[in-house]
Amino acid sequence: MKKTHKKLIKLLEKTINPEGDIHFLEIAVKHSKTHEKERPVRQVRVALTFQEGDTLDPYYDGTDLFVLMGENNIQFTLEKEWTDGHPTIEGSPIEFAFGWVAELAEPFYVSPEALAAAETNNHPRYCNNPQGNSHQEESEK
């Protein structure tokens, strides 16, 4: 996994999951056409669910947010476009998370739970992929 992806996960954990009851299912990043002060903005798509002990809610919520990614820092941007209102996806079964996240870009993070749900429900992404399915163990770039 790239260092910037690790930093992004830390930022999401710190801001979205301070109490530890959120479980990230999948995360993808795509360059956006929007620029803020000549710095490229990246769109981040996050699928998450709630966790109580070892039990995950079988439904996920998903949202798109925007970040500025520099070599040394990552920060949220364009907050007025994504902080107000409801999530983009609300209460959809976990097995559909991959399809929704992948509409933006190939996920760089897929949790074991999301992978298991996709495999159990024969998601096409995981049925005939001889190269492996998990994106968690990508090498640093």
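Note that the structure is a prediction, hence the values are computed from the model and not measured. (Residues numbered from 1 in each chain as written. Predicted model: local features only at pLDDT ≥ 70, side-chain atom pairs only at ≥ 80, totals over all residues. Heavy atoms only, no water.)

Participant: Help me get a handle on helix α3 (residues 112–120), residues and values and all.
Facilitator: Along α3, the positions that sit buried rather than exposed are Ala114, Leu115, Ala117 and Ala118. Angularly, the buried residues of α3 cover 165 degrees about the axis, an arc narrow enough to put them on a single face. (Buried < 20%, exposed > 50% of the residue type's maximum accessible area, 1.4 Å probe, protein only. Helix = DSSP H or I, 4+ residues; strand = E, 2+ residues; numbered from the N terminus. Arc of directions from axis to C-beta.)

Participant: Hey, could you go over the pairing of strand β5 (residues 74–77) for me, with residue numbers and the actual values?
Facilitator: Examined bridge by bridge, strand β4 (residues 59–69) and β5 share 4 bridges and lie antiparallel to one another. Counted as the bridge partner of valine 67 is phenylalanine 76 from β5. What sits between the antiparallel neighbours β4 and β5 is a turn of 4 residues. (Pairing = 2+ DSSP bridges.)

Participant: Residues and numbers for the side chain of arginine 42, please.
Facilitator: If you trace the backbone, arginine 42 turns up in strand β2 (residues 39–52). The exposure class of arginine 42 is buried, given its relative accessible area of 17%. Only 3.4 Å separates the side chain of arginine 42 from the backbone oxygen of methionine 69, close enough to count as a polar contact. Those residues in contact with arginine 42 that sit more than four places away from it in its chain are Val29, Lys30, His31, Ser32, Leu65, Phe66, Val67 and Met69. (Polar contact = N/O pair within 3.5 Å; in protein donor to acceptor, adjacent residues only side chain to side chain. Contact = heavy atoms within 4.5 Å.)

Participant: Lay out the nonpolar core with the relevant residues and their values.
Facilitator: Residues Leu8 and Ile27 are the most contacted members of the largest nonpolar core, which totals 23 residues. Elements with a contribution of two residues or more to this core: α1 (3–16), β1 (22–36), β2, β4 and β5. The element contributing the most residues to this core is β4, with 5 residues. Excluding its chain neighbours within four sequence positions, the residues that come into contact with leucine 8 are Val29, Val44, Val67, Met69, Ile74 and Phe108. (Core = buried A, V, L, I, M, F, W, Y, C linked by side-chain atoms within 4.5 Å.)

Participant: Describe the packing of aromatic side chains, and please don't skip the residues or the numbers.
Facilitator: On inspection of all chains with the given rule, the structure shows 1 aromatic pair. Ring centres of tyrosine 60 and tryptophan 100 lie 6.3 Å apart, and the angle between their planes is 45 degrees; this geometry places the pair in the tilted category. Pair noted here: tyrosine 60 is in strand β4 and tryptophan 100 is in helix α2 (residues 97–102), with a separation of 40 residues, a long-range link. For tyrosine 60, a relative accessible area of 1% translates into the label buried. Taking NZ or CZ as reference, arginine 45 lies 4.3 Å from the ring centre of tryptophan 100, over its face. (Phe/Tyr/Trp six-rings, centres within 6.5 Å; stacked < 30°, edge-to-face > 60°. Lys NZ or Arg CZ within 6 Å of the ring centre and 35° of its normal.)

Participant: If you had to explain unusual backbone geometry to someone new, which residues and values would you point to?
Facilitator: A positive phi angle, near 50 degrees, is found at leucine 78, a position not held by glycine. Structurally, leucine 78 can be placed in the loop between β5 and β6 (89–93).

Participant: Tell me about the pattern of salt bridges, and name the residues and values.
Facilitator: Tallying each qualifying case throughout the model produces 1 salt bridge. Of the charged contacts in the structure, one is a salt bridge between aspartate 64 and arginine 45, with a shortest N-O distance of 2.7 Å. A residue pair is termed long-range when its members are at least 10 positions apart, and aspartate 64 in strand β4 and arginine 45 in strand β2 qualify at 19 residues. Just as aspartate 64 is buried, arginine 45 falls in that class too. (Salt bridge = Lys/Arg side-chain N within 4 Å of Asp/Glu carboxyl O.)

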